[in-house]
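The residues making up each chain are set out below.
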Amino acid sequence: QVQFVESGGALVQPGGSLRLSCAASGYIVTFSAMGWYRQAPGKQRELVATISQKSRGSYTSFADSVKGRFTISRDDAKNTVYLQMNSLRPEDTAVYYCNTQPSSTIWGRGTQVTVSS
């Protein structure tokens, strides 16, 4: 059974940093591009970061709203994907999820990130 388990979310002050982790089970992330998504209250889920397969150079791309502040990385040996978030802003407050990119229909519970003073 495929599962994505996100962790690392927290309450952080504006300007702070967090590192999110996504551990996959029942699925080998090596074979897929992976993405981090987020959903803020009252808004649709959006894709914020993508990383291609290592075999394709681990190419990364980001939503304009997070470009220059977030980085995505992968450790295929650990079947894990990371999202490093720096210079956090209140508008980054959301539940963060990982999934394949394009996304599958299987979603984890996400991890809550709250940016507030």
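Here, every reference points to the structure presented above.
Let me begin by describing the structure that accompanies this report. Please read all numbers here as calculations on a predicted model, not as lab measurements.

Side note on the pairing of strand E7 (residues 70–75)
Here E7 shows a clear split, with Phe70, Ile72 and Arg74 buried on one side and none of Thr71, Ser73 and Asp75 buried on the other. Relative to strand E8 (residues 80–85), E7 is paired through 6 bridges, and the arrangement is antiparallel. If you follow Phe70 over to E8, its bridge partner there is Met85.

Regarding unusual backbone geometry
Cis rather than trans, the peptide bond between Gln101 and Pro102 has omega equal to 0°. Topologically, Pro102 is positioned in the loop between strand E9 (94–100) and strand E10 (111–115). Unlike most non-glycine residues, Ser58 shows phi in positive territory, near 50°. Summarising the element assignment, Ser58 is placed in the loop between strand E5 (46–51) and strand E6 (60–62). Notably, Ser87 is not glycine yet its phi reads approximately 50°, a positive angle. Following the sequence through the fold, Ser87 ends up in the loop between E8 and E9. What makes Ser87 partly exposed here is its relative accessible area of 40%.

Conventions and cut-offs
Residues numbered from 1 in each chain as written. Predicted model: local features only at pLDDT ≥ 70, side-chain atom pairs only at ≥ 80, totals over all residues. Heavy atoms only, no water. Buried < 20%, exposed > 50% of the residue type's maximum accessible area, 1.4 Å probe, protein only. Helix = DSSP H or I, 4+ residues; strand = E, 2+ residues; numbered from the N terminus. Pairing = 2+ DSSP bridges.

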